[in-house]
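Geometric and topological summary
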Amino acid sequence: METNRRTFLKSTAGLLALSGWTAAARDHFFSISTSDINYQQQPLPYMYAALEPVIDAMTMEIHYTKHAAGYTKNLQDACVAEKVDKVNTSLTALLAQISNYSEKMRNNAGGHYNHELFWQTLHAPKDAASNKPLGALAAAIDKKFGSFSAFKEQFTEVAKSRFGSGWAWLLVGQEGLLQLGSTPNQDNPLMNTSPLKGVPLLGLDVWEHAYYLRYQNRRADYISSWWQVINWPVVEQRFLQHMS
Ligand code: MN3
């Protein structure tokens, strides 16, 4: 994986320049900072209408400014109440020991982390046939699932069959291999309370608040449209980081 690591380091600067990310946003996204920036909601990397027609502007605005902002605020409150040292405890470290904290902490730490990841892995719609991973991630998906279309089918099934509210994930599992799975509510695979364990690369929010205005009860239509807005270069950066 040394080649991947070099490629990652070389390509990171280019990716950051292209995306206009600040160093702080990068540290936040890759959770490599131990400052409390991991606990703060970051600016959306695009306008609310950027994902139209797949995700409508009003859904994006309410989702970001109400739902996700609420998780972040409640996380901040829980950190004060439960005396979390945010400067010296990374968000991922908190999630890894979430069983030591309250249900409020678990729901809101997960809600904050999951949404911050979700925003970064989306971009303006592209033709579904061409919006695919490339390079090492594409090869790993082919190896694990047989083909990209087989992966899509399996991911779709996982996302459709999550009962009620939750998330569907592509993750690097504990054996260091790609894996699919879902978690209820705002849980995620980084939590020590989760039966599904690993590092999430890509997550799909299947709470109704993520799609109801445009799709109402049609979760399957939301999932099939979402493939057009996945920002695969960002997902691949995470893959290279966690596989190296
Ligand atoms: Mn949500």
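Anything mentioned here points back to the structure above.
A brief look at the structure comes next. (Residues numbered from 1 in each chain as written. Predicted model: local features only at pLDDT ≥ 70, side-chain atom pairs only at ≥ 80, totals over all residues. Heavy atoms only, no water.)

**Re the overall build of the protein**
Note the following rule: Think of it this way: any DSSP run of H or I at least four residues long counts as a helix, any run of E at least two long counts as a strand, and we number them from the N terminus. Between two residues, a contact is recorded if the distance between any of their heavy atoms is within 4.5 Å. Computed by Shrake-Rupley with a 1.4 Å probe, the accessible areas treat only the displayed protein chains as cover when residues are assessed.
Helices and strands together make up the secondary structure of the protein, namely 10 helices and three strands. When the helices and strands of the protein are placed in sequence order, the string is α-α-α-α-α-α-α-β-β-β-α-α-α. Here the contacts in the protein between residues at least 6 apart in sequence split such that 68% fall between residues at least 24 apart. In the form shown here, the protein has an accessible surface area of approximately 11000 Å², with 55% of it arising from carbon and sulfur atoms.

**Things to note about the packing of helix α3 (residues 57-81) against helix α5 (residues 103-120)**
Rules: Axes here refer to lines fitted to C-alpha atoms; in helices the fit is confined to the stretch in contact. Angles between the N-to-C directions go from 0 to 180 degrees. Note that the term roughly parallel is reserved for angles under 35 degrees, roughly antiparallel for angles over 145, roughly perpendicular for angles of 65 to 115, and oblique for everything else. If you view the pair so one helix is near and one far, a crossing is left-handed when the near helix is turned anticlockwise from the far one by less than a right angle, and right-handed when it is turned clockwise. Gly is put with the polar residues, along with every residue not named as nonpolar or charged; the nonpolar set is Ala, Val, Leu, Ile, Met, Phe, Trp, Tyr, Cys and Pro, and the charged set is Asp, Glu, Lys and Arg.
Remark: α3 packs on α5, axes separated minimally by 8 Å, with the N-to-C direction vectors making an angle of 140°. By the criterion of interaxial angle, the relationship of α3 to α5 is oblique. The chirality of how α3 crosses α5 is left-handed. Residue-level inspection shows M60, H63, Y64, A68, G70, Y71, T72, N74, L75, D77, A78 and C79 of α3 in contact with α5, the latter providing K104, M105, N107, N108, A109, G111, H112, H115, F118 and W119. When the residues that make up the contact of α3 with α5 are grouped by side-chain class, the tally is 11 nonpolar, nine polar and two charged.

**Focus on the pattern of salt bridges**
Keep this limit in mind: Put simply, a salt bridge is a Lys or Arg side-chain nitrogen that is within 4 Å of an Asp or Glu carboxyl oxygen. Only protein chains enter the calculation, and the probe is 1.4 Å; a residue is then buried if its accessible area is under 20% of its type maximum, exposed if over 50%, and partly exposed in between.
For the coordinates displayed, the defined rule picks out four salt bridges. For R214, the salt bridge is made with E52, and the minimal N-O distance between the two is 3.0 Å. Taken together, the residues R214 in helix α8 (residues 212-215) and E52 in the loop between α2 (23-30) and α3 connect sequence positions 162 residues apart. On the basis of relative accessibility, which here comes to 32%, the residue R214 falls in the partly exposed class.

**Regarding the coordination of the manganese ion**
Short version of the rule: Here a donor is an N, O or S atom found within 2.8 Å of the metal, or within 3.2 Å if the metal is Na, K or Ca; sites may look incomplete because water is not among the atoms.
Distances from the manganese ion to its protein donors, namely H63 (NE2), H115 (NE2), D205 (OD) and H209 (NE2), fall within the range 2.0 to 2.1 Å. Between consecutive donor residues of the manganese ion, the sequence gaps follow H-x51-H-x89-D-x3-H. Note that H63 is positioned in helix α3 and D205 in strand β3 (residues 198-205), a separation of 142 residues in sequence. With respect to class, H63 is no different from D205; both count as buried.

**Regarding the pairing of strand β2 (residues 178-184)**
Which entries qualify depends on this criterion: Here, strands pair whenever DSSP counts at least two bridges between them.
The pairing of strand β1 (residues 166-173) with β2 spans seven bridges and is classified as antiparallel. Counterpart to W169 in the pairing with β2 is G181. Joining the antiparallel neighbours β1 and β2 is a turn of four residues, in which G176 adopts a positive phi near 80°.

**Some remarks on the pairing of β1**
Residues in a regular strand project their side chains so that they alternate between the two faces of the sheet. A large share of β1 lies buried, amounting to eight of its eight residues. Side chains G166, A168, L170 and V172 of β1 all project onto a buried face; the interleaved residues W167, W169, L171 and G173 project onto the opposite face, where all are buried too. Bridge analysis of β1 against β3 gives seven bridges, and the strand direction is antiparallel. By the bridge assignment, A168 is partnered in β3 with L204.

**Let's talk about the packing of helix α7 (residues 148-161) against helix α9 (residues 219-226)**
Between two packed helices, the angle of one axis relative to the other and the distance separating the axes together describe the packing. α9 packs onto α7 with a crossing angle of 145° between their chain directions and a minimal axis gap of 10 Å. Like other packed secondary-structure pairs, α7 and α9 cross with a definite hand, here right-handed. Here F155, T156, A159 and K160 of α7 come into contact with α9, specifically with R219, A220, I223 and W226. For the contact of α7 with α9, the per-class residue count stands at five nonpolar, one polar and two charged.

**Details of the nonpolar core**
Threshold: As used here, the term nonpolar core means buried Ala, Val, Leu, Ile, Met, Phe, Trp, Tyr and Cys residues forming a set that is joined through side-chain atoms within 4.5 Å.
Counting residues in hydrophobic clusters, the biggest one holds 61 residues, and the most contacted among them are F151, F155, L178, W226 and W232. Among all residues touching F155, those that are not within four sequence positions of it are A168, W169, L170, L180, L204, W226 and W227.

**Description of α7**
Applicable threshold: The length a helix should cover is 1.5 Å for every residue beyond the first. Arc definition: directions from the helix axis to the C-beta atoms.
Taking 1.5 Å per residue, 14 residues should reach 20 Å; α7 reaches 20 Å between its end C-alpha atoms and fits that length. Of all the positions in α7, only F148, F151, F155, T156 and A159 are classed as buried. The arc that holds every buried residue of α7, seen down its axis, measures 130°, which confines them to one face. Contact partners of the buried residues in α7: α6 (135-145), β1, β2, β3, α9 and α10 (232-243).

**Regarding unusual backbone geometry**
The residue after E52, namely P53, is reached through a cis peptide bond having omega 0°. Position of P53 among the secondary structure elements: in the loop between α2 and α3. The backbone phi angle of K83 is positive, close to 55°, even though this residue is not glycine. Despite not being glycine, N185 has its phi angle at roughly 55°, a positive value.

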